[in-house]
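Survey of secondary and tertiary structure
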Amino acid sequence: VQVGPCSASVDRHVQGLFYYDPIPGDAEFYATDGEGGIRRTRLHIGFRTSWTKIIPGNFGGDGFTDLLFYDAAAGTGEFYRTDARGRIHLLQTHTGWRETWTQIVPGNFGGSGSTDLLFYEGPTGTGEFYAADGQGGISLLQTHTGWRESWTQIVPGDFGTEGVHLRVHFKSLIPITTAVTSFMDAQYAAMAQLFARNGITVFRGANEDLSGNMALTPLQNLDVGDCVGGETTQEQRDLFANRNNVGANDLVVYVVMSLIGGTGNFVGCAAHPDGRPGAAVVQSSAQWLTAHEVGHVLDLRHVCRRVTPQDPNPPNPCVTGSGQSDRLMFPTTGWTNVPPDIATAEEDTMRNSGLTNAW
Ligand SMILES: [Zn+2]
């Protein structure tokens, strides 16, 4: 048993490097010394000259880094293990691979103790996760389509995972014309992008056209009273009862002709009956109208109170030029310095609303 201070030198784990020059088909392994020095351990000649990607990982070797070589034009992938002297040993050759992978990303994506792989094909927006079997084989975990086609870098890492999500459905009391479709699309896109910056992914449910339901026709000009959170009119209760194909935590945005009652002049109102989260909006050019109303549904309050003849001296009055109008929860749609801002405390409130769901 050692009783004195341990005098063993610190084991500085340093990595080596693999170089590939396709013109002559040369490759070289180098060791580094931890102080910026480098020395060659082995030269290889006669390498295939058409490798397009070389991916390091643990694909079946024994303590040394294995390498995946990909020849796009040939649709070939070969896994090799390396050893202490810079030699390489073929584990397995794969043919018939897609020729259009633009990126192959090594990482730990849940497959096994080996390095998993994400293959990304930019032109088609396709991503496929594979697990390595530890012997130079791989098996498909899952295929994804509809990815953005223009990613140029995909980087693996131990990144935080605490994103949340939310589903929003549109139901329209007015016929879903091309203009109404454009309105809903634009409202959704503006909201989805804004909330994504706060770690909230918004999914879109199906649209429902309620304009053919004559019983709902009187609600096209919806009486929202004073539009105060927690208080609803009979018309709001009748409207928000329409939740076809809507999950318990999902929100419904009802598109109406106009909002009437109380102090009036609303283009959106987020007051809703308990257990039926949602809002009513009027088709307008206010890009973040739905985002603002959904913000209310997720427990956000206005950043200030408007000064009006009825309410000339409110607490926390809105002050022109103060920057309040840079915020999503400004009480009117006159946002400045768009896109509007959501403060960190507001993000916390939205995430804690009980309506956003962890993955
Ligand atoms: Zn509001």
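Residues numbered from 1 in each chain as written. Predicted model: local features only at pLDDT ≥ 70, side-chain atom pairs only at ≥ 80, totals over all residues. Heavy atoms only, no water.

**Here we look at helix α4 (residues 344–351)**
Where α4 is concerned, the buried positions are Glu 346, Glu 347 and Met 350. The arc that holds the buried residues of α4, viewed along the axis, is 105 degrees, so those residues lie on one side. Exposed and oriented more than 90 degrees from the buried face of α4 are Thr 344 and Ala 345. (Buried < 20%, exposed > 50% of the residue type's maximum accessible area, 1.4 Å probe, protein only. Helix = DSSP H or I, 4+ residues; strand = E, 2+ residues; numbered from the N terminus. Arc of directions from axis to C-beta.)

**Quick word on the coordination of the zinc ion**
Coordination of the zinc ion by the protein involves His 292 (NE2), His 296 (NE2) and His 302 (NE2), with metal-donor separations of 2.0 to 2.1 Å. As a motif over one chain, the donors of the zinc ion read H-x3-H-x5-H. Of the residues examined, His 302 reaches a relative accessible area of 36% and is grouped as partly exposed. (Donors = N, O, S within 2.8 Å, 3.2 Å for Na, K, Ca; no water.)

**A word on the layout of surface pockets**
One number sums up the size of the largest pocket: a volume of about 1500 Å³. The wall of the largest pocket is formed by 40 residues, among which Asp 226, Cys 227, Phe 266, His 296 and His 302 lie closest to the centre. Element by element, the count of residues in the lining of the largest pocket is highest for helix α3 (residues 289–297), at 5 residues. Of the residues contributing to the lining of the largest pocket, the split by class is 15 nonpolar, 17 polar and 8 charged. By volume, the second largest pocket is sized at about 790 Å³. (1 Å grid on protein atoms, 1.4 Å probe; cavity = no way out; pocket = protein on both sides within 12 Å on 5 of 7 lines; lining within 4 Å. Points joined across faces, edges and corners; volume = space filled by probe spheres on them. Nonpolar A, V, L, I, M, F, W, Y, C, P; charged D, E, K, R; others polar.)

**Some words on the state of the cysteines**
Considering all chains together, one arrives at 2 disulfides under this definition. Each disulfide pairs two cysteine sulfurs, and for Cys 227 the partner residue is Cys 269, the sulfurs being separated by 2.1 Å. Taking the torsion about the S-S bond as the criterion, the Cys 227 to Cys 269 disulfide, at about 110 degrees, is right-handed. Highlighted residues: Cys 227 in the loop between β15 (221–223) and α2 (234–240) and Cys 269 in strand β18 (residues 268–269), separated in sequence by 42 residues. Judged by relative accessible area, which is 1%, Cys 269 ranks as buried. Cys 304 shares a disulfide with Cys 318; S-S distance 2.0 Å. Here Cys 304 and Cys 318 share a disulfide; its torsion about the S-S bond, 90 degrees, makes the bridge right-handed. Residue Cys 304 is found in the loop between α3 and α4, and its partner Cys 318 is found in the loop between α3 and α4; the two are separated by 14 residues along the sequence. (Disulfide = S-S within 2.5 Å.)

**So, the packing of helix α1 (residues 178–196) against α3**
Close contact between α1 and α3 brings their axes to 7 Å; oriented N to C, the two are set at 55 degrees. Accordingly, the angle class assigned to the pair α1 and α3 is oblique. On α3, the residues touching Gln 187, Met 191, Leu 194 and Phe 195 of α1 are Leu 289, Thr 290, Ala 291, Val 294 and Gly 295. Here the contact of α1 with α3 is composed, by residue class, of 6 nonpolar, 3 polar and no charged. (Axes fitted to C-alpha atoms, helices over the stretch in contact; angles between N-to-C directions. Parallel < 35°, antiparallel > 145°, perpendicular 65-115°, else oblique. Contact = heavy atoms within 4.5 Å.)

**Topic: the side chain of Asp 326**
Relative to the elements of secondary structure, Asp 326 occurs in the loop between α3 and α4. Despite its burial, Asp 326 remains without a salt bridge, the nearest opposite charge being carried by Arg 327 at 8.6 Å. At 2.6 Å, the side chain of Asp 326 forms a polar contact with the side chain of Thr 336. For Asp 326, the residues in contact, after removing those within four places along its chain, are Thr 336, Asn 337, Pro 340 and Asp 341. (Lys, Arg positive; Asp, Glu negative; His and termini not counted. Salt bridge = Lys/Arg side-chain N within 4 Å of Asp/Glu carboxyl O. Polar contact = N/O pair within 3.5 Å; in protein donor to acceptor, adjacent residues only side chain to side chain.)

**A few points about the packing of aromatic side chains**
In total, this model carries 18 aromatic pairs according to the counting rule given. Taking the centre distance of 6.2 Å and the plane angle of 45 degrees together, the rings of Phe 18 and Phe 47 count as tilted. Of this pair, Phe 18 sits in strand β1 (residues 17–21) while Phe 47 sits in the loop between β3 (38–44) and β4 (53–57), placing them 29 residues apart in sequence. The exposure class assigned to Phe 18 is partly exposed, which follows from its relative accessible area of 22%. Residue Phe 47 is classed as buried on the basis of its relative accessible area, which comes to 13%. The interplanar angle of 45 degrees and the centroid separation of 6.3 Å between the aromatic rings of Tyr 20 and Phe 47 together place this pair among those described as tilted. (Phe/Tyr/Trp six-rings, centres within 6.5 Å; stacked < 30°, edge-to-face > 60°.)

**Quick notes on the nonpolar core**
Of all hydrophobic cores here, the largest spans 40 residues; its most connected members are Leu 166, Met 191, Phe 195, Val 202, Val 294 and Leu 328. Contributing elements (two or more residues each) for this core: β12 (164–172), α1, β13 (200–204), β16 (251–256), β19 (278–282) and α3. For Leu 328, the residues in contact, after removing those within four places along its chain, are Leu 194, Phe 195, Trp 288, Ala 291, His 292, Trp 335, Pro 340, Asp 341 and Ile 342. Core analysis: the second largest hydrophobic core is formed by 17 residues, Leu 210, Leu 219, Leu 259 and Ala 271 among them. (Core = buried A, V, L, I, M, F, W, Y, C linked by side-chain atoms within 4.5 Å.)

**Quick notes on the sheet that holds strand β10 (residues 126–132)**
Strand order in the open sheet made by the 4 strands is β8-β9-β10-β11, with antiparallel pairing throughout. At either margin of the open sheet sits one strand with a lone partner, and together these are β8 (103–107) and β11 (138–144). Across the sheet, the axes of successive neighbouring strands diverge by a mean angle of 20 degrees, strand direction being ignored. Sheet topology note: the β8/strand β9 (residues 116–121) ladder contains 5 bridges and is antiparallel. In the sheet register, Val 105 faces β9, and the bridge partner there is Leu 118. (Pairing = 2+ DSSP bridges.)

**Points about the sheet that holds strand β7 (residues 88–94)**
Overall, antiparallel pairing links the 4 strands, which are arranged β4-β5-β6-β7 in an open sheet. Each end of this open sheet is capped by a strand with a single partner; those strands are β4 and β7. Strand after strand, the sheet turns through a mean of 25 degrees between neighbouring axes, direction not considered. The pairing of strand β5 (residues 66–71) with strand β6 (residues 76–82) spans 5 bridges and is antiparallel. When the sheet's bridge partners are listed, Tyr 70 is paired in β6 with Gly 77.

As far as function goes, none of this settles anything; it's purely spatial.
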